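Structural description and commentary
Given next are the chains, with one letter for each unit.
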Amino acid sequence: MTFSDHTLTLLVLTAIGIGVLAVVFAGFAAGGRRRSREPGGPIRLDDALRGVLDGHARKIERLEQAVRTLNKTDKRQQALIDGSVRHVALLRYDAFEDVGGRLSFSCAMLDDHGSGVVLTSINGRQETRVYAKPITEGRSSYNLSSEEEEAIRQALAAPAEAVEVR
């Protein structure tokens with residue numbers, strides 16, 4: 001569960017208010033009993049509140065540190081997600097007229113920056129060849145076939161994590 005900074009601040013302030021009320025009520029309840037045991041020792045409200053507020057200040061500081069740590073973790077995880085394969089497209093086709101069944105394919109697997117790899121398998125009657133070409137920002141230093149270019153285009157156009165089979 002994730003809370004915004006505003007919501008966390010509201011929760012902390014509410015907890016502080018409830019804590020202060022609890023101390024005040026406890027002080028009044030204990031004050032009556034204390035007077036019967038210790039005749040000159042009433043509890044001073046400012047002393048009671050100071051102790052509670054100091055404790056809450058430490059808790060608030062720990063909560064703020066936890067929020068900062070979570071924010072850093074979130075940024076690191078987002079960087080990992082951005083670099084993961086999230087755009088995939090698979091294009092099936094007949095590479096040769098005498099071989100049917102659309103057994104040849106080009107599959108582009110790219111991250112959010114358009115970088116990744118395109119895999120191509122060309123099926124013939126006697127052999128199958130497989131090629132892997134690196135892609136950086138939607139382009140490759142290798143010559144790309146029209147099917148490979150189309151697979152890259154489809155992968156970049158598809159929403160993240162969507163797989164399209166044609």
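Everything discussed here concerns the structure shown above.
Cut-offs applied
Residues numbered from 1 in each chain as written. Predicted model: local features only at pLDDT ≥ 70, side-chain atom pairs only at ≥ 80, totals over all residues. Heavy atoms only, no water. Pairing = 2+ DSSP bridges. Helix = DSSP H or I, 4+ residues; strand = E, 2+ residues; numbered from the N terminus. Salt bridge = Lys/Arg side-chain N within 4 Å of Asp/Glu carboxyl O. Buried < 20%, exposed > 50% of the residue type's maximum accessible area, 1.4 Å probe, protein only. Contact = heavy atoms within 4.5 Å. 1 Å grid on protein atoms, 1.4 Å probe; cavity = no way out; pocket = protein on both sides within 12 Å on 5 of 7 lines; lining within 4 Å. Points joined across faces, edges and corners; volume = space filled by probe spheres on them. Nonpolar A, V, L, I, M, F, W, Y, C, P; charged D, E, K, R; others polar.

As judged from the 8 bridges shared by strand β3 (residues 116-123) and strand β4 (residues 128-135), these two strands associate in the antiparallel manner. By the bridge assignment for β4, Leu119 is matched with Ala132. Between the antiparallel neighbours β3 and β4 lie 4 residues.

Turning to its location among the elements, Gln154 is positioned in helix α3 (residues 146-157). For the pair Gln154 and His87, spaced 67 residues apart in sequence, the C-alpha to C-alpha distance is 8.7 Å.

Now for the pattern of salt bridges. Inspection of every chain in the model, using the stated rule, returns 4 salt bridges. With a shortest N-O distance of 3.0 Å, Glu148 and Lys133 are connected by a salt bridge. Of this pair, Glu148 sits in helix α3 while Lys133 sits in strand β4, and the two are 15 residues apart along the sequence. According to the relative accessible area criterion, Glu148 is buried, its value standing at 2%.

To continue, consider the environment of Gly116. Take Gly116: it is sitting in strand β3. Since its relative accessible area comes to 29%, Gly116 is described here as partly exposed. Apart from residues no more than four positions distant in its own chain, Gly116 is found in contact with Met109, Leu110, Lys133, Pro134 and Ile135.

Estimates place the volume of the largest pocket at around 360 Å³. Lining the largest pocket are 14 residues, with Thr2, Phe3, Leu8, Val67 and Leu70 sitting closest to its centre. Counting only elements with at least two residues in the lining of the largest pocket, the list comes to α1 (5-37) and α2 (45-82). Of the residues in the lining of the largest pocket, the class split is 9 nonpolar, 3 polar and 2 charged. What lines the second largest pocket is Asp5, Leu8, Thr9, Val12, Leu13, Ile60, Leu63, Glu64, Val67 and Arg68. Listed by contribution, the elements that provide at least two residues to the lining of the second largest pocket are α1 and α2. For the lining of the second largest pocket, the class distribution of residues is 6 nonpolar, 1 polar and 3 charged.

This brings us to empty space enclosed by the protein. All told, the structure shown has 1 cavity of 30 Å³ or more when counted by the stated rule. Its boundaries defined by the atoms lining it, the largest cavity holds a volume of some 30 Å³. Taken together, Tyr93, Asp94, Ala95, Phe96, Val99, Gly100, Arg102, Leu103, Ser104 and Asn123 form the lining of the largest cavity. Along the lines of polarity and charge, the residues of the lining of the largest cavity split into 5 nonpolar, 3 polar and 2 charged.

A word on the pairing of strand β1 (residues 87-93). Counting buried residues in β1 gives 6 out of 7 residues, a clear majority hidden from the surface. Inspection of the sheet shows β1 paired to strand β2 (residues 104-110) by 7 bridges, in the antiparallel sense. Its bridge partner being in β2, Leu90 is matched across the sheet by Cys107.

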